[in-house]
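Structural characterization, general
Below, each chain spelled out in residue letters.
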Amino acid sequence: MTATKGLEGVVAATSSISSIIDDTLTYVGYDIDDLAENATFEEVVFLLWHRRLPNAVELEDLRIQLANNAEVPSQVIDHLKAYPSDKVHPMAALRTAVSYLGLFDEEADVQTSDANYRKAIRIQAKIPTIVTAFSRIRKGLEPIAPRKDLGLAANFLYMLSGKEPDKVAVEAFDKALVLHADHELNASTFTARVCVATLSDIYSGITAAIGALKGPLHGGANEQVMKMLTEIGSIENVEPYIREKLANKEKIMGFGHRVYRNGDPRAKHLREMSEKLTKLTGKSKWYEISVKIEQIVTSEKNLPANVDFYSASVYDSLGIDHDLFTLVFATSRTSGWLAHILEQYENNRLIRPRAEYIGPSKQVYIPLEKR
Ligand SMILES: CC(=O)SCCNC(=O)CCNC(=O)[C@H](O)C(C)(C)COP(=O)(O)OP(=O)(O)OC[C@H]1O[C@@H](n2cnc3c(N)ncnc32)[C@H](O)[C@@H]1OP(=O)(O)O
Ligand SMILES: O=C([O-])CC(=O)C(=O)O
């Protein structure tokens, strides 16, 4: 038995949800470029969960179901209020709150496909409420209840700020959600599938996935990108900062990818959005610094930007706190995690690979008093 480090190139599941072939990303066969330009997040959620686009009635029905299920039990809000919010990362708060939320779902351990679908709606609907409530609570503000007349993107921005979001912001946020919704067998989705393949419940699968997304090699990279942009601070500092990092063999956050070789197709959409939104908000500096970083890293290391790179300046332009960036990713990716969890349940087999043992062998037990 020979291990493949990081399971690179290992095909670990069949799936009909999304694919990456020759650097092209599709959701159920629809090119991400097509969806980014034309689809709303709710349409993508329906597509991932049903493997077809909804008609107008089905889409409105899903929007209503998500809106009707967006409130969270008061115990969850009280729980969020008890977190040491000045000390914990918001991803840890989200992970804990989603696990806690599961305690109030009477169907949490009911494993029929109808019950699993109902739970998928509830989880997708409630995550924006949890994220925005935590954000407000830690600032000493009261959470804002979700509105039934808004779509998921608009509701998220409304609950975050308490103000009716403008059309440009809602459209940009919705597009970001479309771009992040699913991505084949990435680390967090694989984690979710491994978890539920033991026939554990959906809340456990989503909680595990949030834990995996939190890391800076995966979803946590978008926050690190903003940290880097802030440290660089001005266009003149880009060159020395990046060259020093590369010379020290440090990773530049937001670059590289396990699967894409010639670039992440989502990055160009986020680059365009970053250019437009940073200009509108008087924060063009972040876009210009980002472009310069990209030029250097691409020419020096031949590493293209990934989805996390330009999403940082996009979220900053939308007024989102930097340590909430990965929670925005989680809000969107929950749709993909849920699609994969439902797919795993439909055709389940325990996921249990092997390890290549490289430790000592033929050891003889030494009694405690002789050690
Ligand atoms: C949504 C997402 O999860 S997208 C990815 C988000 N993560 C990041 O942006 C973090 C930065 N990027 C990385 O750490 C990596 O490119 C990953 C984790 C995305 C992919 O990792 P892997 O496929 O395991 O590649 P690995 O880390 O082995 O890198 C291969 C080589 O490229 C280099 N490399 C990879 N990414 C980077 C980077 N961002 N900056 C500098 N060098 C890099 C590595 O140092 C390594 O060089 P070496 O062969 O000389 O040692
Ligand atoms: O696929 C991956 O390894 C990481 C990624 O880009 C994603 O999850 O969107």
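By convention here, each chain's residues receive numbers from 1 onward along its written sequence. Chains and ligands are labelled sequentially in the order written, the chains with letters from A and the ligands with numbers from 1. For this predicted model, a pLDDT threshold of at least 70 governs which residues receive local features, and a threshold of 80 or more governs which side-chain atom pairs are given and counted, while totals over whole chains, interfaces and linings are taken from all residues. Excluding hydrogens and water, the side-chain values take into account all heavy atoms of the structure.

Taking an unreviewed UniProt entry as the reference, the chain is identified by name as Citrate synthase belonging to Caldifermentibacillus hisashii. UniProt positions are given in the numbering used here, feature names are shortened, and annotations may be inferred rather than shown by experiment. The UniProt entry for the chain carries this comment under Catalytic activity (unreviewed entry): "oxaloacetate + acetyl-CoA + H2O = citrate + CoA + H(+)". Reading the Sequence similarities (unreviewed entry) entry of the UniProt record for the chain gives the comment "Belongs to the citrate synthase family."

Helix and strand definitions follow DSSP, with helices as H or I runs of at least four residues and strands as E runs of at least two, each counted in order from the N terminus. In this structure, aspartate 174 sits in helix H8 (residues 167-180). Three exposure classes are used, based on accessible area relative to the maximum for each residue type with a 1.4 Å probe and protein chains only: buried under 20%, partly exposed in between, and exposed over 50%. Counted as positive: Lys and Arg. Counted as negative: Asp and Glu, with His and the chain ends omitted from the count. We count a salt bridge whenever a side-chain nitrogen from Lys or Arg sits within 4 Å of a carboxyl oxygen from Asp or Glu. For aspartate 174, which is buried and forms no salt bridge, the nearest opposite charge comes from lysine 175, at a distance of 9.7 Å.

Summary of the distance rule: residues count as near a molecule or strand when at least one heavy atom falls within 4 Å of that molecule or strand. The environment of ligand 2 is made up of His183, Asn186, His218, His257, Arg266, Phe329 and Arg333. Residue histidine 257 places a side-chain N or O atom 2.7 Å away from an oxygen atom belonging to ligand 2. For the purposes of these results, a polar contact is taken to be a pair of N or O atoms within 3.5 Å, where, inside protein, one atom must be able to donate a hydrogen and its partner to accept one; residues adjacent in sequence count only when each atom of the pair is a side-chain atom. Between an oxygen atom of ligand 2 and a side-chain N or O atom of arginine 266, the distance comes to 2.7 Å. Within this scheme a cavity is a closed region of a 1 Å grid, computed over the protein atoms alone, that accommodates a 1.4 Å probe without allowing it to escape, whereas a pocket is open but has protein on both sides within 12 Å along at least five of seven lines; lining residues each have an atom within 4 Å of a point. Think of it this way: if more than half of a molecule's atoms are within 2 Å of a pocket's grid points, that molecule is in the pocket or cavity. Spatially, ligand 2 is embedded in the largest pocket. In the shell around ligand 2, the residues fall into 1 nonpolar, 4 polar and 2 charged. Residues were grouped as follows: Ala, Val, Leu, Ile, Met, Phe, Trp, Tyr, Cys and Pro as nonpolar; Asp, Glu, Lys and Arg as charged; and all remaining residues, including Gly, as polar.

Of the pairings in the sheet, the one linking strand E1 (residues 18-21) to strand E2 (residues 24-27) comprises 4 bridges and is antiparallel in character. Bridged to isoleucine 20 within E2 is leucine 25. Here, a strand pair is defined by DSSP locating no fewer than two bridges between the strands. Hairpin connection between E1 and E2: a loop of 2 residues separates the two successive antiparallel strands, and aspartate 22 in this loop has a positive phi of roughly 50 degrees. Where E2 meets strand E3 (residues 30-31), 2 bridges bridge the pair, whose relative direction is antiparallel. Note that in E3 the partner of tyrosine 27 across the bridge is tyrosine 30. In textbook terms, the turn of a hairpin is the stretch between consecutive antiparallel strands, and for E2 and E3 this stretch comprises 2 residues, one of which, valine 28, has a positive phi near 45 degrees.

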